[in-house]
Amino acid sequence: MVQITTNMGKTHTSHPEHELELKNYRKPYTCDGCKGHGFGKRYRCEQCDYDLHEDCMFTTPTTSHKFFRNSTFKFYEQPPRKCNKQYCDDCKRYCDACGKHVKGFVYHCPKTLKDLHPCCRNLKNELEIDGIKFRLRETVSKCSWCNQTKIKDSLSKIKGWSYVSECDTYNFHVYCAMEMVVEGWKDGTANDHDCLALENLDLRSIQSHLNRNRGRGNKYLRIVKIFLKTIISILIGDPTNTLASVLVDLLV
Ligand SMILES: [Zn+2]
Ligand SMILES: [Zn+2]
Ligand SMILES: [Zn+2]
Ligand SMILES: [Zn+2]
Ligand SMILES: [Zn+2]
């Protein structure tokens with residue numbers, strides 16, 4: 001049953017029994033709305049261990065994104081389905097931005113069938129880092145991270161978004177930035193209640209990319225790091241950059 005959410009006070013229709021409080025822990029969480037990763041600020045029910053990204057807490061009934069000018073997105077707590085079978089590949093939906101499987105809260109356009117995670121909706125059409133302009137594109141050329149055009153998730157036919165610099169030097173799948181978070185995020189990352197256990201972050205794949213590209217010089221490495229901080233912060237709903245900075249600053 002598809003339900004459109006409205007926010008009343010600080011409860012959310014996905015968790016009507018208790019109010020959700022704004023908390024800020026230096027600790028990762030899984031958002032109970034979109035099922036994605038989160039860090040830092042979250043709306044939380046302590047009693048039920050229920051967390052929502054800020055973007056999942058304050059959803060709007062409809063929204064748009066500059067990238068899909070012909071789409072009007074509606075909010076759904078569960079991705080809309082064509083049939084009632086419990087497991088059905090035809091009904092699986094993928095986010096057109098990050099390419100990841102949609103498992104919960106989603107903005108979906110019934111006309112163009114595009115899907116966006118609530119956090120992915122915040123990815124800007126254009127970014128400027130150190131004077132270098134990046135534009136959001138549907139992926140058409142090789143990502144400098146994974147060296148592929150197609151994103152790795154073979155089940156989805158989604159091309160996903162890439163940020164490409166005007167000078168063509170930088171070309172990154174949004175999917176690959178998200179994968180870095182997933183990889184770095186091994187279980188047990190947060191042992192203490194309040195503190196991120198840095199030694200448990202797995203940074204090997206990020207570090208090896210930087211090592212492979214060391215020949216491109218310090219400017220390249222600096223831009224890549226700032227770019228990753230910016231994108232990762234958006235994808236995990238952490239506008240203060242806390243985790244992204246931790247992830248990226250550990251790199252040498
Ligand atoms: Zn969420
Ligand atoms: Zn509760
Ligand atoms: Zn189906
Ligand atoms: Zn997404
Ligand atoms: Zn890639």
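Conventions we followed
- Residues numbered from 1 in each chain as written.
- Chains lettered and ligands numbered in written order.
- Predicted model: local features only at pLDDT ≥ 70, side-chain atom pairs only at ≥ 80, totals over all residues.
- Heavy atoms only, no water.
- Donors = N, O, S within 2.8 Å, 3.2 Å for Na, K, Ca; no water.
- Tetrahedral: all angles 85-135°; square planar, octahedral: opposite > 155°, others 65-115°.
- Buried < 20%, exposed > 50% of the residue type's maximum accessible area, 1.4 Å probe, protein only.
- Salt bridge = Lys/Arg side-chain N within 4 Å of Asp/Glu carboxyl O.
- Helix = DSSP H or I, 4+ residues; strand = E, 2+ residues; numbered from the N terminus.
- Expected span 1.5 Å × (residues − 1).

### Some words on the coordination of the zinc ion (ligand 5)
Around the zinc ion (ligand 5), the donor atoms from the protein are Cys143 (SG), Cys146 (SG), His173 (ND1) and Cys176 (SG), and they sit 2.1 to 2.4 Å away. For the zinc ion (ligand 5), the four donor atoms in the first shell make angles of 101 to 122° at the metal, a pattern classed as tetrahedral. When the donor residues of the zinc ion (ligand 5) are listed from N- to C-terminus, their spacing reads C-x2-C-x26-H-x2-C. The buried category is assigned to His173, whose relative accessible area is 1%.

### Some details on the pattern of salt bridges
Scanning the model with the defined rule gives 11 salt bridges in all. Residues Arg44 and Asp49 are paired through a salt bridge, measuring 2.9 Å at the closest nitrogen-oxygen approach. Among the ionic pairs, Arg93 bridges to Asp115, the shortest N-O distance being 2.8 Å. Here the residue Arg93 occupies a position in the loop between strand E7 (68-76) and strand E8 (106-108), and Asp115 occupies one in strand E9 (residues 115-116), the gap between them amounting to 22 residues. With respect to burial, Arg93 and Asp115 carry one shared label: buried. Put simply, Arg42, Arg44, Glu46, Asp49 and Asp51 are held in one network by salt bridges that share partners.

### Let's talk about the coordination of the zinc ion (ligand 3)
Binding of the zinc ion (ligand 3) to the protein goes through Cys83 (SG), Cys88 (SG) and Cys91 (SG), at separations of 2.2 Å. Of note, the donors binding the zinc ion (ligand 3) are all from one chain and are spaced C-x4-C-x2-C. Residue Cys83 is classed as partly exposed on the basis of its relative accessible area of 23%. Owing to a relative accessible area of 7%, Cys91 belongs among the buried residues under this scheme.

### A look at helix H4 (residues 218-235)
Taking 1.5 Å per residue as the helical rise, H4 with its 18 residues ought to reach 26 Å, and the 26 Å between its terminal C-alpha atoms agrees with that figure. One or two steps after H4, the chain reaches Gly237, where phi turns positive at roughly 65°.

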